[in-house]
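# Structure at a glance
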Amino acid sequence: EEGVQEVSNGSFSQEGSELITNGDFANGTNNWVQGSTVSDFSVTNEIATIQGTASSFNTRISQSISVTIGKTYKITGQIKSNDTGDYWVRLLDGSYIDVTNNNNTEFQTFTYYHTATSSSIFLYLASFYSNGSADFSIDNVSVKEVGQDWNLGTGWSIGEDKAIATNANSTFITQLSILTSGKTYKITYTIQDYTSGGIRFRASLVNGSTNSGNGTYTDYIVAGGTVFSLQGLSNFNGSITNISVKEVGQNWSLNGV
């Protein structure tokens with residue numbers, strides 16, 4: 001017998017509500033602010049085209065987004081055409097961060113994950129060309145929170161349906177208040193993209209087995225507290241997903257274990 005699922009968002013696939021307004025440009029140019037060198041910002045068939053002065057990052061449209069410091073956001077969009085020069089998709093979060101930039105690329109879908117350091121960030125869609133006019137088109141711009149319910153320690157970040165560890169050295173990915181002290185739990189998780197180090201369950205001085213290499217692993221632990229944590233060891237580099245935590249051994253009293 002196994003109990004209910006105790007961990008939430010164990011596949012890291014949960015996405016929050018849409019934070020961009022009119023990112024599909026169904027309402028024309030509404031909600032987007034034009035830069036000072038934009039000569040034309042138009043929408044045709046729900047695809048936005050930005051044109052303007054060459055050699056100026058101000059050939060752009062932008063939108064301010066309210067976010068939560070420390071939370072992770074998934075930023076996506078589709079470049080429909082790029083007639084001249086380069087385009088940028090940039091975030092302003094204390095400093096400029098390039099989400100994507102390319103030269104003479106069309107029909108590109110981009111995805112970027114960003115952990116906010118400010119409570120308000122700006123998303124810029126810009127065109128740039130050193131000679132002549134700048135011109136590119138974009139659609140389906142989206143910003144959504146991901147990684148809900150997880151607390152990420154140093155070296156941990158959220159990716160596409162997974163938590164990614166980069167040199168995670170005795171640092172944790174954690175959910176609070178989901179275990180009951182003294183209860184026995186079956187814990188499973190999958191390691192992907194493995195290159196080095198190891199990972200284990202550790203919480204309230206209770207350790208699970210240390211695992212290295214790609215694969216799905218199972219542990220049975222008696223909880224010493226309410227916190228669930230997976231700990232990266234020895235500069236763990238890889239990702240984890242499909243985390244499951246369920247109570248087992250119900251109705252039994254275990255002595256001497």
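Here the structure is a predicted model, which is why all the values come from computation and not from measurement.

### Regarding the environment of Leu230
Mapped onto the elements, Leu230 comes out in strand β20 (residues 228-248). For Leu230, a relative accessible area of 0% corresponds to the buried category. Separated by 59 residues in sequence, Leu230 and Thr171 place their C-alpha atoms 8.3 Å apart. If near-sequence neighbours (up to four positions away) are discounted, Leu230 is found in contact with Thr171, Phe172, Ile173, Tyr189, Ile199, Arg200, Phe201, Ile240 and Ile243.

### What to know about the pattern of salt bridges
Close approach of charged atoms allows side chains of opposite charge to pair. Overall, the coordinates contain 8 salt bridges when judged by the stated rule. One salt bridge in this structure joins Glu160 and Lys74, with 3.3 Å as the shortest N-O distance. Residue Glu160 is found in the loop between β14 (156-159) and β15 (162-168), and its partner Lys74 is found in strand β7 (residues 72-84); the two are separated by 86 residues along the sequence. The partly exposed category is assigned to Glu160, whose relative accessible area is 41%. Residue classification places Lys74 among the buried residues on the basis of a relative accessible area of 13%. The partner of Lys162 in a salt bridge is Asp193, with the nearest N and O atoms 3.0 Å apart. With Lys162 in strand β15 and Asp193 in strand β17 (residues 184-203), this pair connects stretches of sequence that are 31 residues apart.

### Topic: the environment of Ser118
For Ser118, the location among the structural elements is in the loop between β10 (108-115) and β11 (120-128). A relative accessible area of 21% places Ser118 in the partly exposed class. It is 8.4 Å that separates the C-alpha atoms of Ser118 and Gly70, two residues lying 48 residues apart in sequence. Beyond its immediate stretch of four places on either side in the chain, Ser118 contacts Val67, Ile69, Asp93 and Gly94. At a separation of 2.7 Å, a polar atom in the side chain of Ser118 contacts the side chain of Asp93.

### So, unusual backbone geometry
Phi angles above zero are rare outside glycine, and Asn235 is one such case at about 55 degrees. Tracing the backbone shows Asn235 in strand β20. Residue classification places Asn235 among the partly exposed positions, given a relative accessible area of 35%. In this structure, Asn251 takes a positive phi of about 75 degrees despite not being glycine. Tracing the chain through its elements places Asn251 in the segment after β20.

### Quick look at the nonpolar core
In terms of nonpolar packing, the biggest core is built from 29 residues, with Trp156, Phe201, Phe228, Leu230, Ile240 and Ile243 touching the most fellow members. Secondary structure elements with two or more residues in this core: β14, β15, β17, β19 (215-222) and β20. No other element matches the 7 residues that β17 contributes to this core. Not counting chain neighbours up to four residues away, the residues in contact with Ile240 comprise Phe12, Trp156, Lys162, Ala163, Ile173, Thr190, Ile191, Ile199 and Leu230. Grouped together as the second largest cluster of nonpolar side chains are 27 residues, Ile20, Val67, Leu91 and Phe110 included.

### Quick word on the packing of aromatic side chains
For the structure shown, the criterion picks out 13 aromatic pairs. Ring geometry for Trp150 and Phe228: centres 6.3 Å apart, planes at 65 degrees, overall edge-to-face. On the criterion of sequence distance, the pair formed by Trp150 in the loop between β12 (134-146) and β13 (151-152) and Phe228 in strand β20 is long-range, its members being 78 residues apart. Pair check on accessibility: Trp150 and Phe228 agree, each one buried. These aromatic residues form a ring-pair network of at least three members: Phe57, Trp88, Tyr96, Phe122 and Tyr124. Between Arg90 and the ring centre of Phe57, over which it is positioned, the NZ or CZ distance is 4.7 Å. Taking NZ or CZ as reference, Arg90 lies 5.6 Å from the ring centre of Tyr96, over its face.

### Considering the pairing of β20
Among the 21 residues in β20, 17 count as buried, and that is most of the element. The sheet contact formed by strand β1 (residues 2-5) and β20 spans 2 bridges and is antiparallel. Directly across from Gln5, in β20, lies its bridge partner Lys246. Here β15 runs beside β20; their pairing, made up of 4 bridges, is antiparallel. Within β20, the residue paired with Ala168 across the bridge is Phe236. Judged from the 5 bridges that link them, strand β16 (residues 171-175) and β20 form a sheet pairing that is antiparallel.

About the cut-offs
Residues numbered from 1 in each chain as written. Predicted model: local features only at pLDDT ≥ 70, side-chain atom pairs only at ≥ 80, totals over all residues. Heavy atoms only, no water. Helix = DSSP H or I, 4+ residues; strand = E, 2+ residues; numbered from the N terminus. Buried < 20%, exposed > 50% of the residue type's maximum accessible area, 1.4 Å probe, protein only. Contact = heavy atoms within 4.5 Å. Salt bridge = Lys/Arg side-chain N within 4 Å of Asp/Glu carboxyl O. Polar contact = N/O pair within 3.5 Å; in protein donor to acceptor, adjacent residues only side chain to side chain. Core = buried A, V, L, I, M, F, W, Y, C linked by side-chain atoms within 4.5 Å. Phe/Tyr/Trp six-rings, centres within 6.5 Å; stacked < 30°, edge-to-face > 60°. Lys NZ or Arg CZ within 6 Å of the ring centre and 35° of its normal. Pairing = 2+ DSSP bridges.

Read these as layout, nothing more, since geometry by itself doesn't imply function.
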